[in-house]
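Chain by chain, the residues run as shown.
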Amino acid sequence: MSARDPEATKARIFAAAVAEFAAHGVAGARIDRIAAEAEANKQLIYAYYGNKTELFATVLEHKMLDLAIAVPVDPDDIEGWIDRLMDYHADHPELLRLLFWEGLEYGAEELPHEAERQQHYVRKVAALRDGQRRGVVTDAIPAADLLFLLVAMTNWAMVVPQMKRILVGGEVPDAARLRTSIKEAARRIIAVEGR
């Protein structure tokens, strides 16, 4: 099967790797489990993606690109962007899990493919910087710091759902209230003085 349709095999391997890494991180993931889930042999995984670290980096890069395409930073509608970002992560929880595992496993060390990752964020920071230049977003906070604050505030509840449940509550109205609070906090953080 894999020899006849290499693209389908690569897609199955990729999907299995996303699930495996989201559940177990880099250290805990097993190529054997990925191969079994993808109905492919381990040699194909290594041939297509290299070692486990490279496979993880490739998976994360592709998931980050999907997010960038689906939810571009919009300095003219920060609240709408936050809604779209929260909805995206609710529909695709694996991305934040992958990022969390990456943080646990690499800490402050340089990441595989870090230059590509930096380019990913350069475009997002440039969008906020453009909003600052046009006066729709405060320039009192550097654009990169502002992006970090907005993303952290928006994503934290998905990264640590137990803390959200303990502090905010676990019911639907609690989640709606938190979303409203996050958007209000974002509105205040980006506010341009005198507007």
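Below or above, wherever it landed, is the structure these notes cover. Because the structure is a prediction, the values reported are computed rather than measured.

Summing up its helical and strand segments, the protein has ten helices and zero strands in all. Helices and strands in the protein line up, N terminus first, as α-α-α-α-α-α-α-α-α-α. In terms of its C-alpha atoms, the protein occupies a principal-axis envelope of roughly 65 × 40 × 30 Å. The buried share of the protein, taken over its 195 residues, is 36%. Contacts in the protein between residues at least 24 apart in sequence constitute 64% of all its contacts with a sequence separation of at least 6. Of the roughly 11,000 Å² of accessible surface on the protein, 56% is carried by carbon and sulfur atoms. Of note, the protein has its 24 positive side-chain charges centred 2 Å away from the centre of its 30 negative side-chain charges.

The next point concerns the nonpolar core. Ranked by internal contacts, the top residues of the largest apolar core, which has 45 residues, are Ile13, Phe21, Ile34, Leu55, Ile78 and Trp81. Per element, the largest residue contribution to this core is seven residues, and it comes from helix H1 (residues 6-28). Those residues in contact with Phe21, other than ones at most four positions away along the chain, are Val26, Ala29, Ile34, Lys52, Leu55, Phe56, Val59, Leu98 and Trp101.

Evaluation of the coordinates by the stated rule reveals one cavity of 30 Å³ or more. What lines the largest cavity is Phe56, Ala57, Leu60, Glu61, Glu102, Tyr106, Pro112, His113 and Arg117. When residues of the lining of the largest cavity are traced back to their parent elements, those giving at least two are helix H4 (52-70) and helix H6 (94-106). The biggest single contributor to the lining of the largest cavity is H4, with four residues. Here the lining of the largest cavity is built from residues that sort into five nonpolar, one polar and three charged.

Bringing the packing of helix H7 (residues 114-133) against helix H8 (residues 143-159) into the picture now. Taken N-terminus to C-terminus, the directions of H7 and H8 make an angle of 110°; their axes are 9 Å apart at the nearest point. The orientation of H7 relative to H8 falls into the category roughly perpendicular. Contacts between H7 and H8 involve Tyr121, Lys124, Val125, Leu128, Arg129 and Gln132 from the first element and Ala143, Ala144, Leu146 and Leu147 from the second.

A complete count under the given rule lists 16 salt bridges for this structure. A salt bridge links Asp83 to Lys183, with the shortest nitrogen-to-oxygen separation between them at 2.9 Å. Here the residue Asp83 occupies a position in helix H5 (residues 78-91), and Lys183 occupies one in helix H10 (residues 172-190), the gap between them amounting to 100 residues. Its relative accessible area of 16% is what places Lys183 among the buried residues. The residue Glu184 makes a salt bridge to Arg188 at a minimum N-O spacing of 2.7 Å. Residue Glu184 and its partner Arg188 are located together in helix H10, separated by four residues, close to a single helical turn. Overlapping salt bridges bring together Asp76, Asp130, Arg133 and Arg134 as one network.

Bringing the packing of aromatic side chains into the picture now. All chains considered together, the criterion is met by one aromatic pair. Seen from their ring centres, Phe21 and Phe56 are 5.1 Å apart, and the 85° between their planes marks the pair as edge-to-face. Separated by 35 residues along the polypeptide, Phe21 in helix H1 and Phe56 in helix H4 bring together distant segments of the chain. In terms of burial, Phe21 and Phe56 fall into one category: buried.

Moving on: the layout of surface pockets. Reported here for the largest pocket is a volume of approximately 950 Å³. Leu99, Arg117, Tyr121, Phe148 and Val151 are the residues nearest the centre of the largest pocket, which is lined by 30 residues in total. Mapped by element, the contributors of at least two residues to the lining of the largest pocket are H4, H5, H6, H7 and H8. Taken together, the residues of the lining of the largest pocket sort by class into 19 nonpolar, six polar and five charged. The calculated volume of the second largest pocket comes to roughly 200 Å³. For the lining of the second largest pocket, the secondary-structure elements that each account for two or more residues are H5, H8, helix H9 (161-167) and H10.

Rules of the game
Residues numbered from 1 in each chain as written. Predicted model: local features only at pLDDT ≥ 70, side-chain atom pairs only at ≥ 80, totals over all residues. Heavy atoms only, no water. Helix = DSSP H or I, 4+ residues; strand = E, 2+ residues; numbered from the N terminus. Buried < 20%, exposed > 50% of the residue type's maximum accessible area, 1.4 Å probe, protein only. Contact = heavy atoms within 4.5 Å. Areas by Shrake-Rupley, 256 points an atom, 1.4 Å probe, with all protein chains shown as cover. Lys, Arg positive; Asp, Glu negative; His and termini not counted. Charge placed at Lys NZ, Arg CZ, Asp CG, Glu CD. Core = buried A, V, L, I, M, F, W, Y, C linked by side-chain atoms within 4.5 Å. 1 Å grid on protein atoms, 1.4 Å probe; cavity = no way out; pocket = protein on both sides within 12 Å on 5 of 7 lines; lining within 4 Å. Points joined across faces, edges and corners; volume = space filled by probe spheres on them. Nonpolar A, V, L, I, M, F, W, Y, C, P; charged D, E, K, R; others polar. Axes fitted to C-alpha atoms, helices over the stretch in contact; angles between N-to-C directions. Parallel < 35°, antiparallel > 145°, perpendicular 65-115°, else oblique. Salt bridge = Lys/Arg side-chain N within 4 Å of Asp/Glu carboxyl O. Phe/Tyr/Trp six-rings, centres within 6.5 Å; stacked < 30°, edge-to-face > 60°.

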